[in-house]
Amino acid sequence: MKRLTFLFLKFLFVSNFVMAEAIPIKSKILKESSDCIKDSQTQVCKELVSEIEKLQLVVFDQNRFKCQSSLLGMQSAIIEAYFFRNYSNERISFMIPYVIKNC
């Protein structure tokens, strides 16, 4: 009984932590992706990578693997655009329709 109580409390604390974070909406991610395309060295790109990661976890739990893969592709493109200054932002633009279609 003591172990069961401990596991329940552990689950409760972990789930509350996850639920407390706001899950980003697809439209917000798409808008911020467009902002990131305009200027890839902004804080928007940094925050966007984190938001996409949160959304990936949610869609993974829902077994929506096409959406998760599309988000992963967009996240990779944003990371490349942010860290490689000579990188073209066309790849982010290329990924947006896939996120719209699959998510």
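This write-up is about the structure you can find in this document. (Residues numbered from 1 in each chain as written. Predicted model: local features only at pLDDT ≥ 70, side-chain atom pairs only at ≥ 80, totals over all residues. Heavy atoms only, no water.)

**Looking at the overall build of the chain**
Here comes step 1: Helix and strand content of the chain: five helices and zero strands.
Here comes step 2: Its helices and strands in sequence order give the chain the pattern α-α-α-α-α, from N to C terminus.
Here comes step 3: Looking at the chain as a whole, 30% of its 103 residues qualify as buried.
Here comes step 4: Summarising the internal contacts of the chain: among those between residues at least 6 apart in sequence, 58% fall at separations of at least 24.
Here comes step 5: Surface summary for the chain: the accessible area is close to 7,300 Å², and the carbon and sulfur share equals 64%. (Helix = DSSP H or I, 4+ residues; strand = E, 2+ residues; numbered from the N terminus. Buried < 20%, exposed > 50% of the residue type's maximum accessible area, 1.4 Å probe, protein only. Contact = heavy atoms within 4.5 Å. Areas by Shrake-Rupley, 256 points an atom, 1.4 Å probe, with all protein chains shown as cover.)

**A closer look at the state of the cysteines**
Here comes step 1: Across all of its chains, the model carries one disulfide by this definition.
Here comes step 2: At a sulfur-sulfur separation of 2.0 Å, the disulfide partner of Cys-67 is Cys-103. Judged by the sign of its S-S torsion, about 105°, the bond between Cys-67 and Cys-103 is right-handed. A residue pair is termed long-range when its members are at least 10 positions apart, and Cys-67 in helix 4 (residues 65-83) and Cys-103 in the segment after helix 5 (90-102) qualify at 36 residues.
Here comes step 3: Given the relative accessible area of 24%, Cys-103 is considered partly exposed. (Disulfide = S-S within 2.5 Å.)

**A look at the packing of helix 3 (residues 43-61) against helix 4**
Here comes step 1: Look at helix 3 against helix 4: their axes get within 9 Å of each other, and the N-to-C directions meet at 165°. Taken together, the axes of helix 3 and helix 4 are roughly antiparallel relative to one another. Note that helix 3 runs across helix 4; the crossing there is left-handed. Facing helix 3, whose interface residues are Cys-45, Lys-46, Leu-48, Val-49, Ile-52, Glu-53, Leu-55, Gln-56, Val-59 and Phe-60, helix 4 presents Phe-65, Cys-67, Gln-68, Leu-71, Leu-72, Met-74, Gln-75, Ile-78, Ile-79 and Tyr-82.
Here comes step 2: Residue composition of the contact of helix 3 with helix 4, grouped by class: 15 nonpolar, three polar and two charged. (Axes fitted to C-alpha atoms, helices over the stretch in contact; angles between N-to-C directions. Parallel < 35°, antiparallel > 145°, perpendicular 65-115°, else oblique. Left-handed = near helix turned anticlockwise from the far one by under 90°. Nonpolar A, V, L, I, M, F, W, Y, C, P; charged D, E, K, R; others polar.)

**Some thoughts on the nonpolar core**
Here comes step 1: Grouped together as the largest cluster of nonpolar side chains are 20 residues, with contacts concentrated most on Ile-52, Leu-71, Met-74 and Ile-78.
Here comes step 2: Those elements giving two or more residues to this core turn out to be helix 2 (26-38), helix 3, helix 4 and helix 5.
Here comes step 3: No other element matches helix 4, which puts seven residues into this core.
Here comes step 4: Leaving out residues up to four positions away in the same chain, Ile-78 has contacts with Ser-33, Cys-36, Cys-45, Leu-48, Val-49, Ile-52 and Ile-92. (Core = buried A, V, L, I, M, F, W, Y, C linked by side-chain atoms within 4.5 Å.)

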